[in-house]
Amino acid sequence: MERPPLISVTVLGLGAMGAALATALIDAGHSVTVWNRTPAKTAPLVARGAARAGDIDEALRAGQVIVTCLLDHAAVHDVLDDHVGALAGRTLVNVTNTTPEGSAELASWAACHGAEFLDGGIMAVPPQIGTPSAFVLYSGSEQALATARPALEAFGDVRYLGSDPSLAALQDLALLSGMYGMFGGILHAFALVRTGGITAREFAPVLREWLTGMAAWADSAAGRIDDGDHAGDVVSPLAMQAAAYDAFLTVARDRGVNPLLLEPLGQLLRRRTDDGHGHEDITGVIDDLTTKTTTTGDNA
Ligand code: FVH
């Protein structure tokens, strides 16, 4: 396979993720400069082959591509705002977790200072960086993508969503929201079986098998949601699910498991059933969640 061209990349922020990104870049052969607020964190990367910048200006001038991987949106401005002169002509790739609005703001800000901007949502934890299981969502300037791509390929699969800079953050947050819903369900399930003397290790294989199978529900739900069809060919009507759900809450309370992770969905199922949608699929709950008009329907 043809190797991507090697480029100069600066990584600002060497926390767990920034250090993993810098390591992947060094290992891929790129010319890497690192900077971190707490300078001691640069040492392992310098030992691996990175150059250490003495200050932010020096760091920005060293890289054709600047990767910011900082705690949050405010930290990105804390780091860059006093150094905009060194940003002009560079490609800024921000993989700091931020909101869609934050990404859009950063894109306009970067444009004002003469930098091409790409926002990234990393769908991996640090040990996954550079492995086939890592992928990163990007959105923003196509020119920035073209310039930075050889470096970005070191992190994981590059998935470009479009020129609207907010797209990556929106989908990143949606994916993480799905993940946390799953984490909540898993934690509740482990708590429940623990009341029966079953350890998490014993229960994990069957839980994973069940959830892996149920994950395919996303595809069938998507069809119903996009078509606005919650009532056709329903296999598991909402009223049935709401009644079963009440039993989950009851058994949790009876066994001393706090049902707070499950309660919100139960309330939605009950309310929608009471509102006359008991014959429909559970997908209709989305209409009670969505208060703004969307591209797929008028839910105001
Ligand atoms: N780690 C993960 O599992 C997730 C995976 C998905 C993406 N997230 C996001 O990546 C951003 C960085 O995450 P991280 O894991 O590297 O975070 P930390 O280890 O806490 O490192 C934070 C770095 O930010 C620096 N920093 C914080 N505030 C400032 C500031 N005001 N000025 C300058 N630098 C700042 C901090 O510096 P220091 O404490 O070492 O001096 C670290 O370099 C994040 O958005 C995740 O949501 C990670």
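The structure presented is a predicted model; accordingly, all values stated were derived computationally and were not measured.

A. Just the site of the ligand, in detail. Lining the immediate environment of the ligand, one finds 22 residues, of which Met-17, Asn-36, Thr-38, Lys-41 and Asn-97 sit closest. At a separation of 2.5 Å, an oxygen atom of the ligand approaches a polar side-chain atom of Thr-38. For the ligand, an oxygen atom lies 2.6 Å from a polar atom in the side chain of Lys-41. Compared with its free state, where it exposes 910 Å², the ligand has 76% of that area covered by protein. Among the secondary structure elements, those contributing two or more residues to the shell around the ligand are helix H1 (16-27) and helix H4 (73-80). Class assignment for the residues of the shell around the ligand results in 12 nonpolar, seven polar and three charged.

B. Representation of the pattern of salt bridges in the model. Applying the stated criterion across every chain yields a total of 10 salt bridges. Taking the shortest distance from any N to any O, the salt bridge between Asp-27 and Arg-48 comes out at 2.9 Å. You can see Asp-27 sitting in helix H1 and its partner Arg-48 sitting in helix H2 (residues 43-48), a full 21 residues away along the chain. For Arg-48, a relative accessible area of 46% translates into the label partly exposed.

C. Up close: a nonpolar patch on the surface. A grouping of Tyr-180, Met-182 and Phe-183 is seen on the molecular surface, where their side chains present a nonpolar patch of about 320 Å² in accessible area. When you line up the elements, Phe-183 lands in helix H7 (residues 166-194).

The rules we used
- Residues numbered from 1 in each chain as written.
- Predicted model: local features only at pLDDT ≥ 70, side-chain atom pairs only at ≥ 80, totals over all residues.
- Heavy atoms only, no water.
- Near = heavy atom within 4 Å.
- Polar contact = N/O pair within 3.5 Å; in protein donor to acceptor, adjacent residues only side chain to side chain.
- Areas by Shrake-Rupley, 256 points an atom, 1.4 Å probe, with all protein chains shown as cover.
- Helix = DSSP H or I, 4+ residues; strand = E, 2+ residues; numbered from the N terminus.
- Nonpolar A, V, L, I, M, F, W, Y, C, P; charged D, E, K, R; others polar.
- Salt bridge = Lys/Arg side-chain N within 4 Å of Asp/Glu carboxyl O.
- Buried < 20%, exposed > 50% of the residue type's maximum accessible area, 1.4 Å probe, protein only.
- Patch = residues over 30% accessible without salt bridge, like charges linked within 9 Å, V, L, I, M, F, W, Y side chains within 5 Å.

These values are about where atoms sit, not about what they do.
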